[in-house]
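# Topology and contacts: notes
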Amino acid sequence: MVSVIALAAMTVVCTGYLVVGVLDIDPTRKTDHVVVHMESSGGLMDTSQVTSRGIQVGRVESIAVVPGGLDVTLALDAAHRIPEDSEVIVANLSAAGEQYLDLRPRGTGGPYLTDGDVIGTDHVRKSVTVSEALSLGDSLASQLDTSALTGLTETASAAIDGREGDVDRLVEAFRFLSATLRDKNAEIRRLYDNAQVAGRDAYGYGPVLTDAGPYVGATGRGVANLLEGFNEYSYVGADVWDDPLGKIAPKIDEYLTPLSPDLALIATLLKPYTEPIKPLRVDAGSIVDVLQTVFPPGGPAKLSIEIPN
């Protein structure tokens, strides 16, 4: 009898777990039914999930055809508060095309959806289905010029054909550059910070430089006038040297040439008399030593006299 009672209790517990935990059938759960007006289903079925912020909040209960579109009835768990101003999006769970309906709130406040509410088509945004995406991809592929793609491929292949060593060196150079940037990250950051500090320090000098603009322009005009004056003086000096002083120099040469002695003749006459003293050399060092002995620094002069025996 005890075994039968335990087996019955275990059966009831497992059945309850399967109903509530696995089949998600909660008899105490309150459900709100909300109708969404849609122009097309976007691949939704009456078994599709309904989510909000990544959490499943219900399912699609039924899809009814009405004039101008569809009425999709949602069975939402009343425990989840979903703002009325929510965007309805039909999306895909995977590439296999498992559509679901996602309620994306535009705000965090109320009012919230309750039983019997209706969401208009202006809140619905239909995503592209997998079949539509494949169709668009096929249209895009059909517009590609295969000959141009072949030419690009051949050009790229010819660019690296036989240049494997260069490519390896290029990759190695980029690897070294990456290592340098990684190792010198702190220095680069300080350089960037210093540049920012310099920019902040320079901020505010714009009006000063603007005020200095007219003075710089006036200085430029003054320098231009100064250079122009030098240019005019150069022309005046050229005329003076070429005309008045240029005529005086030959006259002075005519007067001084007869009066100046013949230095070559004087040197020839003095050569026999200066020949004997040519080998003589003056020892300046010995003279300085004698003067230091006679006149020592910081003391009186000294004189040495030798008396013969």
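Above this text sits the structure in question.
Bear in mind that the values here come from a model prediction, so they are computed numbers and not experimental data.

About the thresholds
- Residues numbered from 1 in each chain as written.
- Predicted model: local features only at pLDDT ≥ 70, side-chain atom pairs only at ≥ 80, totals over all residues.
- Heavy atoms only, no water.
- Helix = DSSP H or I, 4+ residues; strand = E, 2+ residues; numbered from the N terminus.
- Areas by Shrake-Rupley, 256 points an atom, 1.4 Å probe, with all protein chains shown as cover.
- Core = buried A, V, L, I, M, F, W, Y, C linked by side-chain atoms within 4.5 Å.
- Buried < 20%, exposed > 50% of the residue type's maximum accessible area, 1.4 Å probe, protein only.
- Contact = heavy atoms within 4.5 Å.
- Polar contact = N/O pair within 3.5 Å; in protein donor to acceptor, adjacent residues only side chain to side chain.
- Patch = residues over 30% accessible without salt bridge, like charges linked within 9 Å, V, L, I, M, F, W, Y side chains within 5 Å.
- Salt bridge = Lys/Arg side-chain N within 4 Å of Asp/Glu carboxyl O.
- Pairing = 2+ DSSP bridges.

Our focus in this paragraph is the overall build of the chain. Each helix and strand counted, the chain has 9 helices and 8 strands in total. Approximately 24200 Å² of the chain is accessible, and the part contributed by carbon and sulfur atoms is 63%.

Right, let's get into the nonpolar core. Residues V50, L74, L76, L101 and L103 are the most contacted members of the largest nonpolar core, which totals 17 residues. Those elements that provide at least two residues to this core are β1 (31–38), β3 (55–66), β4 (69–77), β5 (86–92) and β6 (99–105). Those residues in contact with L101 that lie beyond four places of it in its chain are L44, Q49, V50, T51, L74, V88 and I89.

Turning our attention to the environment of S86. Here S86 shows up in strand β5. Relative accessible area serves as the criterion here: at 1%, S86 is assigned to the buried category. For the pair formed by S86 and Y112, sequence separation is 26 residues and the distance between their alpha carbons is 9.4 Å. Separated by 2.6 Å, the side chain of S86 and the backbone oxygen of P83 make a polar contact.

Turning to a nonpolar patch on the surface, a few remarks are in order. Taken together, L170, F174, L177, L181 and I188 make up a surface patch of nonpolar side chains, about 480 Å² in accessible area. The element contributing the most residues to the nonpolar patch is helix α4 (residues 164–183), with 4 residues. Take L170: it is sitting in helix α4. Residue class for L170 comes out partly exposed when judged on its relative accessible area of 48%.

With 9 of its 9 residues buried, β4 lies for the most part within the structure. In textbook terms, the turn of a hairpin is the stretch between consecutive antiparallel strands, and for β3 and β4 this stretch comprises 2 residues, one of which, G68, has a positive phi near 90 degrees.

Right, let's talk about the pattern of salt bridges for a bit. Scanning the entire structure with this criterion turns up 6 salt bridges. Between R125 and E87 there is a salt bridge, and its shortest N-O distance comes to 3.1 Å. Of this pair, R125 sits in strand β8 (residues 124–126) while E87 sits in strand β5, and the two are 38 residues apart along the sequence. R125 sits in the partly exposed class, given a relative accessible area of 40%. For the salt bridge of R169 with D166, the shortest nitrogen-to-oxygen distance reads 2.1 Å. On the criterion of helical spacing, the pair formed by R169 and D166 is a turn pair, its members being 3 residues apart in helix α4. With a relative accessible area of 55%, R169 lands in the exposed category. On the basis of relative accessibility, which here comes to 28%, the residue D166 falls in the partly exposed class.

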